[in-house]
Amino acid sequence: MDGPSQSAPFEPLRASEQRPARTVPALPVALAIVVAAGCAIVLFTLGAVAAIGGSVLAAVAGFLLFGMVVVQPNDSRVLVLFGRYTGSITHEGFFFVNPFTGFWRQSVSLRVRNFQSDRIKVNDAQGSPIEIAAVVVWRVVDTAKAVFDVDDFEAFVVIQSETAVRHLASTLPYDTFGSDAERSLRGDPEQVAAELRDELQERLAAAGIEVLETRLTHLAYAPEIAEAMLRRQQAVAIVAARRTIVEGAVGLVDLALRELAEQGTVSLDEERKAAMVANLMVVLSGDRGTSPMINVGS
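The following refers to the structure shown.

Rules of the game
- Residues numbered from 1 in each chain as written.
- Predicted model: local features only at pLDDT ≥ 70, side-chain atom pairs only at ≥ 80, totals over all residues.
- Heavy atoms only, no water.
- Axes fitted to C-alpha atoms, helices over the stretch in contact; angles between N-to-C directions.
- Helix = DSSP H or I, 4+ residues; strand = E, 2+ residues; numbered from the N terminus.
- Parallel < 35°, antiparallel > 145°, perpendicular 65-115°, else oblique.
- Left-handed = near helix turned anticlockwise from the far one by under 90°.
- Contact = heavy atoms within 4.5 Å.
- Nonpolar A, V, L, I, M, F, W, Y, C, P; charged D, E, K, R; others polar.
- Expected span 1.5 Å × (residues − 1).
- Buried < 20%, exposed > 50% of the residue type's maximum accessible area, 1.4 Å probe, protein only.
- Arc of directions from axis to C-beta.
- Polar contact = N/O pair within 3.5 Å; in protein donor to acceptor, adjacent residues only side chain to side chain.
- Patch = residues over 30% accessible without salt bridge, like charges linked within 9 Å, V, L, I, M, F, W, Y side chains within 5 Å.
- Areas by Shrake-Rupley, 256 points an atom, 1.4 Å probe, with all protein chains shown as cover.
- Salt bridge = Lys/Arg side-chain N within 4 Å of Asp/Glu carboxyl O.

1. Structural notes on the packing of helix 4 (residues 153-171) against helix 5 (residues 189-204)
Helix packing for two helices is described by the angle between their axes and how far apart those axes are. Contact pair helix 4 / helix 5: the axes reach a minimum separation of 10 Å and the direction vectors enclose 135°. The pairing of helix 4 with helix 5 is recorded here as oblique in orientation. The interaxial crossing formed by helix 4 with helix 5 has right-handed handedness. Across the interface between the two elements, Phe156, Val157, Gln160, Ser161, Thr163, Ala164, Val165, His167 and Leu168 of helix 4 pack against Val192, Glu195, Leu196, Glu199, Leu200, Arg203 and Leu204 of helix 5. The residue inventory of the contact of helix 4 with helix 5, partitioned by class, reads 9 nonpolar, 4 polar and 3 charged.

2. Focus: helix 4
The first and last C-alpha atoms of helix 4 sit 27 Å apart over 19 residues, in line with the 27 Å expected at 1.5 Å per residue. Regarding helix 4, the residues found buried are Phe153, Val157, Gln160, Ser161, Ala164, Val165, Leu168 and Ala169. All buried residues of helix 4 lie within an arc of 165° about the axis, which places them on one face of the element. Summarising the contacts, the buried residues of helix 4 are in contact with strand 7 (113-116), strand 8 (120-123), strand 9 (129-140), helix 3 (143-149), helix 5 and strand 10 (209-221). For helix 4, the N-terminal cap is aspartate 152; the gap from its side-chain oxygen to the backbone nitrogen of glutamate 154 is 3.2 Å.

3. Section: a nonpolar patch on the surface
On the surface, Phe63, Phe66, Phe82, Phe100 and Phe103 cluster together into a nonpolar patch covering about 590 Å² of accessible area. Examined against the element boundaries, phenylalanine 103 turns out to sit in the loop between strand 5 (93-96) and strand 6 (105-107).

Below is the structure:
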């Protein structure tokens, strides 16, 4: 008894490669069509027998018209002949190509395009829900891959861009709150944009698309935790400010004690030095104005 049959391994489709289409200048052909049409009109006036020749000339002229192609700047035409890809016209001009390709030609714009993703909610690397959105600047550089290797290259850009944004947001924290130990979405915008561009370029290469630039256009905590995270950010900012104030106050107190000792203006014992240091720290580190107190006693 035969064992269970094994299916053949999946073989990826062969990637299409863009190549130039065979073209000739269209102006001489256009002149020939005009001459053929004129001759056909003349033959139609000469009688029934000559009209047959006129009909043939008219049919030939009409058939040749299918081979006329006008390509605008930053535009292209993808040509298919009887189900086979024959080439792409990627530069502007007036061309004549095989008229049979007129039954299937596709125009693909080579202009630079923008895609603005929707605001999507995703959990960052720390599990906090955030809202994020990005803009992607892209263009088609390989028309064969864009037309034949993906079903709809514009929809492909949309889906892959949102997927890349979700993946990037889930691998980095929103903020490190002053710690330099790791990168964050908020603290390293240039590096984050570069990583997003590299990942998206890898995803869109199969569609013959070049990613020119990516930028985050929106980055915020989700509404349900935004207030709590704002209080956390404020607390971190206050602590950092206090640390800077204390460091500066310590330096000023040390400078004051050294100046007094060098000039010999006042002789202070250890107890009075401690009291002076405490008073100066209160004055320099406080967040409110101080009220001076004058000692009138002995």
